Amino acid sequence: MMNKIQIVYKGTSLDEFLRIKNILEKNGVGYTEDNQKNSKTPLFLLQMLTKSNTTYGLHGERDIEYILSVDEKDYEHVKQLL
């Protein structure tokens, strides 16, 4: 039987991802990490072509979504750490 997992961070901020990852490591909490290409890049291109101001980063700094997950049994403890 697989353990259930809880997501403790899902977002595009690398700084926040690394901050939380560091807290988990310092406290000996096991975690899994994943990242995926953000699908908003076409939206950015459309905004660039149709508007003079865009709401999406010019250099693609928000192109990657970072995800940190912990085992469900550790979730309450992690919430207190964060």
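In case you missed it, the structure is sitting above this.
Please read these numbers as outputs of a predicted model, since none were measured by experiment.

## What about the overall build of the chain?
Part 1: Along its length, the chain carries 3 helices and 3 strands.
Part 2: Buried positions account for 28% of the 82 residues belonging to the chain.
Part 3: A fraction of 77% describes how many contacts in the chain between residues 6 or more apart in sequence connect residues 24 or more apart.
Part 4: As displayed, the chain offers around 6100 Å² of accessible surface, 52% of which is attributable to carbon and sulfur atoms.

## Regarding the sheet that holds strand E1 (residues 5–11)
Part 1: In space, the 3 strands of this open sheet follow the order E1-E3-E2, with antiparallel pairing throughout. Each end of this open sheet is capped by a strand with a single partner; those strands are E1 and strand E2 (31–37). Taken over all neighbouring pairs, the strand axes of this sheet differ in orientation by 20 degrees on average, direction set aside.
Part 2: Pairing between E1 and strand E3 (residues 64–71): 6 bridges, direction antiparallel. Looking at the pairing, Gln6 lines up with Val70 of E3.

## Structural notes on the pattern of salt bridges
Part 1: Inspection of every chain in the model, using the stated rule, returns 4 salt bridges.
Part 2: Among the salt bridges present, the one from Asp74 reaches Lys73, with a minimum N-O distance of 3.4 Å.
Part 3: You can call Lys73 exposed: its relative accessible area is 65%.
Part 4: A salt bridge links Lys79 to Glu76; the nearest nitrogen and oxygen atoms lie 3.6 Å apart. Of the two residues, Lys79 and Glu76 are both situated in helix H3 (residues 75–81); the distance of 3 residues between them amounts to about one turn of the helix.
Part 5: Judged by relative accessible area, which is 44%, Lys79 ranks as partly exposed.

## A word on the environment of Lys4
Part 1: One can find Lys4 in the segment before E1.
Part 2: Expressed as a C-alpha distance, the spacing of Lys4 and Val70, which sit 66 residues apart in the sequence, is 8.7 Å.
Part 3: In this structure, Lys4 is in contact with Val70, Asp71 and Glu72, ignoring residues within four places of it in sequence.

## Remarks on helix H1 (residues 14–26)
Part 1: Between its first and last C-alpha, H1 extends 18 Å over 13 residues, near the 18 Å set by a 1.5 Å rise per residue.
Part 2: Those residues of H1 that are buried are in contact with E1, E2, E3 and H3.
Part 3: Positioned one or two residues after H1, Gly28 has a phi angle of 65 degrees, which is positive.

Basis of the calculations
Residues numbered from 1 in each chain as written. Predicted model: local features only at pLDDT ≥ 70, side-chain atom pairs only at ≥ 80, totals over all residues. Heavy atoms only, no water. Helix = DSSP H or I, 4+ residues; strand = E, 2+ residues; numbered from the N terminus. Buried < 20%, exposed > 50% of the residue type's maximum accessible area, 1.4 Å probe, protein only. Contact = heavy atoms within 4.5 Å. Areas by Shrake-Rupley, 256 points an atom, 1.4 Å probe, with all protein chains shown as cover. Pairing = 2+ DSSP bridges. Axes fitted to C-alpha atoms, helices over the stretch in contact; angles between N-to-C directions. Salt bridge = Lys/Arg side-chain N within 4 Å of Asp/Glu carboxyl O. Expected span 1.5 Å × (residues − 1).

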